[in-house]
Every structure is written in C-alpha cells, then in structure tokens.
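Topology and contacts: notes
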Amino acid sequence: MSADAQHTLATAATLEGTSLHTGAKVTLTLKPAPADHGFKFRRVDLPDQPFIDADADKVQTVERATTIAEGSVKVHTVEHVLSALTGMGIDNAIIEMDANEPPIGDGSARPFVELIKKAGIAKQDALRKVWEIREPIHQESGDGTLITIVPSKTFRVSVTNVGPDGRFTQYFSSEVNPETYEKEIAPARTFVYYEDVKPLLDKGLIKGGSLESAIVIRGEQVMTKEPLRFTNEFARHKALDVIGDLILSGKRILGHVIAVKPGHGPNSKLAATLKREYNRVRSLAAPFQLPTGETVLDINDVLKILPHRYPFLMVDRIIDMVGDSKCTGVKNVTINEPYFIGHFPGHPIMPGVLQLEAMAQVSSVLMLRKPENAGKIGYFMSADDVKWRRPVLPGDTLYIEAEVMKIRGSIGQTKCRCLVGGEVASEAELKFALVQQ
C-alpha cells in the first residue's frame, strides 16, 4: 500500500450482528467513497437515508461509547469501525447501517478488519493529507486522565490502563500501521467492570452485551468465554478506542499519542482540539497559497539584486510583492544544505541565525529593487524582538515575509517572520544600512 496516496474500499462488503447497547439486529455495509470524502455514516433505515459525518463536532454523548448526531439522527458506538478503517489505512468510506449502532461482534475491531479485507483496498489518485505534529498538545482531566501528543515521524499510540483501585494496570505501546493494527490492536476486546453492569443496564445500555461480546471483570477475576488474547488486552483495547475516537478530528497525524486512563470523553475532546488546531494552522497558511502560483522574481532576478551566492543565498524566489512595502520570499530547505552536516548529525535543524539571515535577504530585496538603491548592499545594524518558535527541518518550505516599518535616508527597518505550513518558525524586527558597494 502506498503511504502517500489515499485509499478506499475496492467493493462493498456487509456484516450482520447485534448492537451492544441497544441490542438491536443490524446490518452494516462498508462502501467505497471518492477521494477527500472521509468517513460518513448513513442510516438507511430512516426516511431520506441521511448521512452523518464522522466529525468531532457531531459528538453528542460519550458514556461507554462515542455517539455522533445530526439533529435527531444518531449513530452510537462509532469508535470500533472507525478505528478499524483508520488502522487498516482507509481514508474514504461510507458506513451504511439499518439501525443506530454497528454490530458489536466479539467486542473487538477484528470483525471490521475482516470485512475490510473482504471488500479489498483500492488506491486513489489523490494524495493522503497527514498532519505532522510539531509541538506537544496536552490535555488533562480532574480524574487523573491525561493525553499528550508529541512529535514523531510515525503514528504511535502508548496507553496506560488503570482500573478502579489500580486494578489491572496495564501498558501497551505500538506504531500504528495496517500490519501492527491487524495483529496487535484489532483483536483486543472491550471490557466492563462488574460493579458498572447494573448502572449501565438501569440506563438502558449494554442490552446486547454478553460474555461473547465483552470481558467482565469482577474483583480480580476475569470472566470471558475464551482466555485473554493478550496479557495486556485491556490496554490494547484502550489504544483501539483512542485511534477510533481521534480520527473524528478528520485528520491523520504523525505523532506519538501518550494516554493515561483514556476514555471516550477525553478522547473525543482531544479530537475536537486537534480539529481546531489544524484549522488554525491552515488559516495562518492561507495568505501564502497563491491562486496562480506565479513567481514575481525568479532565482535569476534575485541574483541580480542580491550579492549573496552559494552557500549563503537564503531565498530561492519572491512570490508576492505589495508595492514597495511588503514582499514574501521562499526558501526550499533540503537535506543538501551544507550546514546540516554539523547542525546536527542525526537531527538536522536549520540554524536560527540563518532564518534571521533569510529575513534580512528578503528585506534587502524589498529595499534594493528601488532604482535609487541599485548597486547598494544592505548591512545589518540590529535585530530586535527575535523569537524562534519551532524547528525548521529538511523538506520544509520556508516562507519569509518582510514588511517595511520605516525608512530614513539610508537606514531601513523591517518587520519579518518565517513560516512553515502556516506556523511561525521565527520572527524579528531588523534594522540595516544601505551603502554603496
């Protein structure tokens, strides 16, 4: 399976069974969907067969399962099927049901994995959109639950399960890809503590529950129709739930999710946070997504203005120019940059001072384009309010924005910032003198 392409199902496939909480008979069908469609549930038992997006904004209740709703139309217990689709590398699918809850099966995601394999997986032409987490995202609850997502070059989930009075404290950690998901995560079954069974029944839940669809824990005893599939099966199932709940953010991520005592409430809350944060980053990036992609000044034009040459030229082209007051340059940062050899071996990061130099060079382009400054060179005088906010890595595209604050004679002052993917990497106010070479 290509890691950079979107995937859907090759054909439709159907699964029949009983839902956990309502106890109703249900037929679920997974169907292919076009690129960028995402996951949508469809209630084919209702008039007009309405769709509900698998979206954190649609989450309604999170008691023992995650429920999404659109008006009066609801779908309960969405996490297992969403987890299976995500874990098996599916990006787009329609999930049709003739009831309000998927079949529970054996309480794991394995029936859905088998259904996906039965349908087959089809590669799509569009690229998969994966959000690489660059700065930690942290969430805590008063009951001791905490979930943190830290930067990682893969999608990894680490879970600590802690039961009442510390019973069955377990740990599980794994990179999540189709191979590890199918073998290490999908088979883990849902579980419930005996003391919670009656309150759940009193609320009209788990009507379809049995020892064939869940593990019941009573004191130190584990009641199940078959032996535990893993010594840490409970922690693995919590990881399964985390994967299914977080995809409600609408985005696959590269990051390491570290969860202690996770539950559907905290999981879905974090999914909403991820969605908001992603949209914030996208809104910051919007000014740099030019509709035509045209270059204002190409590299040859830049070389005519700036005296800098390899290996110290820090701007490849100018993509936007607003009169004589503002411009935006681009630097494509590649692993071939000479400074990566020593900064740092095994962990290449663009030096902050070179980001500062890039700002200065774009500022110089802005000033030196004026006819009266032809043949001059810009000398640094000062750099104020310098801040570095995130690392710049090989493969990043650095957008360098410079805006004139004031000009007095041969002295210019600009306000600058460097951005990657809409996130501010660094910023500063620069002062320099324009002098004849």
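Residues numbered from 1 in each chain as written. Predicted model: local features only at pLDDT ≥ 70, side-chain atom pairs only at ≥ 80, totals over all residues. Heavy atoms only, no water.

1. Points about the UniProt feature "active site" (unreviewed entry) in the protein
This is how it is decided: UniProt positions are given in the numbering used here, feature names are shortened, and annotations may be inferred rather than shown by experiment. Each helix is a run of H or I in the DSSP string that is no shorter than four residues. Each strand is a run of E no shorter than two, and both are numbered from the N terminus. Think of it in three bands: residues with accessible area under 20% of the maximum for their type are buried, residues over 50% are exposed, and the middle band is partly exposed, with areas taken using a 1.4 Å probe on protein chains only. The contact rule is simple, with two residues in contact once any of their heavy atoms fall within 4.5 Å.
With numbering aligned to this structure, UniProt lists the feature "active site" (unreviewed entry) at His264 and His343. A maximum C-alpha distance of 42.0 Å is found for the annotated residues, which run over 80 residues; spatially they are spread out rather than grouped. With respect to the helices and strands, histidine 264 occurs in helix α6 (residues 264-285). The exposure class of histidine 264 is buried, given its relative accessible area of 9%. Setting aside its immediate chain neighbours within four residues, histidine 264 contacts Val62, Arg64, Ala65, Thr66, Glu79, Asp241 and Asp245. As for its placement among the helices and strands, histidine 343 is situated in the loop between β21 (326-332) and α8 (352-368).

2. Comments concerning the UniProt feature "binding site: Zn(2+)" (unreviewed entry) in the protein
The positions that UniProt labels "binding site: Zn(2+)" (unreviewed entry) are, in the present scheme, His80, His237 and Asp241. Annotated residues spanning 162 residues; largest pairwise C-alpha distance 9.6 Å, indicating a single compact cluster. Checked against the element boundaries, histidine 80 lands in helix α1 (residues 79-87). With residues near it in sequence (within four places) discarded, histidine 80 still touches Ile104, Gly107, Ser108, Ala109, Phe112, Thr190, His237, Leu240 and Asp241. Locating aspartate 241 in the fold gives a position in helix α5 (residues 233-246). By relative accessible area, which is 7% here, aspartate 241 ends up buried.

3. Considering the pairing of strand β19 (residues 252-260)
Filter applied, for reference: At least two bridges found by DSSP between two strands are what make those strands a pair.
Judged from the three bridges that link them, strand β11 (residues 130-132) and β19 form a sheet pairing that is parallel. Along β19, the bridge assignment pairs tryptophan 131 with isoleucine 253. Pairing of strand β13 (residues 146-150) with β19, which is carried by five bridges, proceeds in the antiparallel orientation. Directly across from isoleucine 149, in β19, lies its bridge partner valine 257. With six bridges connecting them, strand β14 (residues 155-161) and β19 associate as parallel partners.

4. Structural notes on the nonpolar core
Here is the rule we go by: Each nonpolar core is a collection of buried residues, namely Ala, Val, Leu, Ile, Met, Phe, Trp, Tyr and Cys, held together in the definition by side-chain atoms within 4.5 Å.
Residues Phe41 and Tyr181 are the most contacted members of the largest nonpolar core, which totals 59 residues. When residues in this core are grouped by element, the largest group, six residues, is from α5. With residues near it in sequence (within four places) discarded, tyrosine 181 still touches Ser83, Ala84, Gly87, Met88, Ala109, Val113, Val176, Ala186, Pro187, Leu240 and Ile243.

5. What about the sheet that holds strand β6 (residues 59-61)?
Defined as follows: Between N-to-C directions, angles cover 0 to 180 degrees, with each direction set by a line fitted to C-alpha atoms, over the stretch in contact for helices.
Pairing is antiparallel across the open sheet formed by three strands, whose spatial order is β6-β7-β8. Lying at the two open borders of the sheet, with one neighbouring strand each, are β6 and β8 (73-75). Each strand of the sheet is rotated relative to its neighbour by a mean of 40°, with strand direction disregarded. In the sheet, strand β7 (residues 67-70) pairs with β8 via three bridges, with the strands oriented antiparallel. Each residue of the ladder has a partner; that of alanine 69, found in β8, is lysine 74.

6. With respect to the sheet that holds strand β3 (residues 25-32)
Neighbouring strands of a sheet are bound in pairs by backbone hydrogen bonds; such pairs are parallel or else antiparallel. Across the sheet, which stays open at both edges, the five strands sit in the order β2-β3-β9-β4-β5 with mixed pairing between neighbours. Looking along the sheet, the strands with just one partner apiece sit at the ends: β2 (13-18) and β5 (51-53). Across the sheet, the axes of successive neighbouring strands diverge by a mean angle of 25°, strand direction being ignored. Strand contacts of α1: β3, β4 (39-43) and β9 (93-97), with the helix running at about 145° to β4, the strand carrying the most contacts. Of the strands in this sheet, β2 and β3 touch helix α2 (residues 110-119), which is tilted by about 160° from β2.

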